[in-house]
Amino acid sequence: GISGIMHVNEMHEISKRRAGVQPVRPIAFGVLTSAKTLNGVPNKYPNRYPSTDRLASIFHRPNTKHNLMVLHYSADNDQTLCEDIGRAIQAIGGVPDGLQINMGDKNNGCSPNPDKVAAIATMFPHMRIILQIAPTQFVSRASMIWYVREYAFLIADVLFDGSCGNGIDYFANSSSVE
């Protein structure tokens, strides 16, 4: 997937470059939002997080119907998770194909309350929920499996993101996870 989409024309350009190529899989286009941006507070990456009033124009997708539109939500904690997702979906003007939930950061990874994830899954049953797992949950394979089991019937996908979105190869050293 490609995240950090700021304008609908970015998706159209990427889709045009694939024109005539039979895609094996759809492209997941990720649009970033956060508890801060939903409240009008600029975050540290203003060129990757569109303002809330621009979400509807980005998610309007006449030429990307075979691709996935994923809202990436990040926050330090899950205090306003359900309310924020509701507000974001209202701003979009419809339910996205997916929602990626990113909580905490590489130093203080935290988990969204499974009850809150269940509430979102119940409100939007056709939306894929993707749960990011931060490096702090990478203690062992067993701990990752145990962690994911809490969400087993609520989420569609798990993203093991060792770099917390920084694109660093976390598993370059095979001893990272036992």
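The following refers to the structure shown.

Reading the values: rules and limits
- Residues numbered from 1 in each chain as written.
- Predicted model: local features only at pLDDT ≥ 70, side-chain atom pairs only at ≥ 80, totals over all residues.
- Heavy atoms only, no water.
- Helix = DSSP H or I, 4+ residues; strand = E, 2+ residues; numbered from the N terminus.
- Buried < 20%, exposed > 50% of the residue type's maximum accessible area, 1.4 Å probe, protein only.
- Contact = heavy atoms within 4.5 Å.
- Areas by Shrake-Rupley, 256 points an atom, 1.4 Å probe, with all protein chains shown as cover.
- Pairing = 2+ DSSP bridges.
- Axes fitted to C-alpha atoms, helices over the stretch in contact; angles between N-to-C directions.
- Salt bridge = Lys/Arg side-chain N within 4 Å of Asp/Glu carboxyl O.
- Right-handed = clockwise from strand over helix to strand, strands pointing away.
- Expected span 1.5 Å × (residues − 1).
- Arc of directions from axis to C-beta.

### Focus: the overall build of the chain
Working step 1: If you tally the helices and strands in the chain, you get six helices and six strands.
Working step 2: N-terminal to C-terminal, the α/β element order of the chain is β-α-β-α-α-β-α-β-α-β-α-β.
Working step 3: The burial tally for the chain puts 40% of its 178 residues in the buried class.
Working step 4: The long-range share in the chain, meaning contacts at least 24 apart out of those at least 6 apart in sequence, stands at 74%.
Working step 5: Carbon and sulfur atoms form 53% of the exposed surface of the chain, whose accessible area is close to 10200 Å².

### Details of the side chain of asparagine 102
Working step 1: Tracing the backbone through its elements, the reader meets asparagine 102 in strand E4 (residues 98-103).
Working step 2: Setting aside chain neighbours within four positions, we find asparagine 102 in contact with His72, Tyr73, Ser74, Ala75 and Gln132.

### Some thoughts on the sheet that holds strand E1 (residues 2-3)
Across a sheet, strands are paired by hydrogen bonds formed along the backbone, either parallel or antiparallel in direction.
Working step 1: What the six strands build is an open sheet, ordered E1-E2-E3-E4-E5-E6; its pairing is parallel. What marks the edges here is a single partner per strand, and that holds for E1 and strand E6 (157-160).
Working step 2: Bridge analysis of E1 against strand E2 (residues 28-34) gives two bridges, and the strand direction is parallel. When the bridges of E2 are listed, serine 3 appears paired with glycine 30.
Working step 3: Helix H6 (residues 141-149) contacts strand E5 (128-133) and E6 of the sheet and is inclined by roughly 145° relative to E5.

### Examining the pairing of E2
As a general feature of sheets, a regular strand has side chains that alternate between the two faces.
Working step 1: With six of seven residues buried, E2 lies mostly within the body of the structure.
Working step 2: Relative to strand E3 (residues 68-75), E2 is paired through seven bridges, and the arrangement is parallel. For valine 31, the partnering residue across the bridge sits in E3 and is leucine 71.

### With respect to the pattern of salt bridges
Working step 1: For the structure shown, the criterion picks out three salt bridges.
Working step 2: Note that aspartate 78 is salt-bridged to lysine 116, the shortest N-O span being 3.9 Å. Linking aspartate 78 in the loop between E3 and helix H4 (81-92) with lysine 116 in helix H5 (residues 114-123), this pair joins segments that are 38 residues apart in sequence.
Working step 3: The class of lysine 116 is partly exposed, set by a relative accessible area of 24%.

### Considerations on the environment of serine 34
Working step 1: Among the secondary structure elements, serine 34 is positioned in strand E2.
Working step 2: Along the primary structure serine 34 and leucine 71 are separated by 37 residues, whereas in three dimensions their C-alpha atoms are 9.8 Å apart.
Working step 3: When near neighbours in sequence (up to four residues on either side) are disregarded, serine 34 contacts Asn43, Tyr49, Tyr73 and Ser74.

### Some details on the pairing of E4
Working step 1: By the criterion of burial, E4 is predominantly enclosed, with six of the six residues buried.
Working step 2: With burial as the criterion, each face of E4 is covered, one bearing Gly98, Gln100 and Asn102 and the other bearing Leu99, Ile101 and Met103.
Working step 3: Sheet topology note: the E3/E4 ladder contains six bridges and is parallel. Counted as the bridge partner of tyrosine 73 is isoleucine 101 from E4.
Working step 4: At this point the chain moves from E3, through H4, to the parallel E4, and the crossover so formed is right-handed.
Working step 5: As paired elements, E4 and E5 share four bridges and run parallel to each other. The residue bridging glycine 98 from the neighbouring strand is arginine 128, located in E5.

### Remarks on H4
Working step 1: For H4, built from 12 residues, the straight-helix expectation of 16 Å at 1.5 Å per residue is met to within 8% by its first-to-last C-alpha distance of 16 Å.
Working step 2: When H4 is considered as a whole, its buried residues turn out to be Leu81, Cys82, Asp84, Ile85, Ala88, Ile89 and Ile92. Viewed along the axis of H4, the buried residues span an arc of 165°, placing them on a single side of the element.
Working step 3: Check the buried side of H4 and you find it contacts helix H2 (35-38), helix H3 (55-59), E3, E4 and H5.
Working step 4: Downstream of H4 by a residue or two, glycine 93 has a phi angle that is positive, lying close to 90°.

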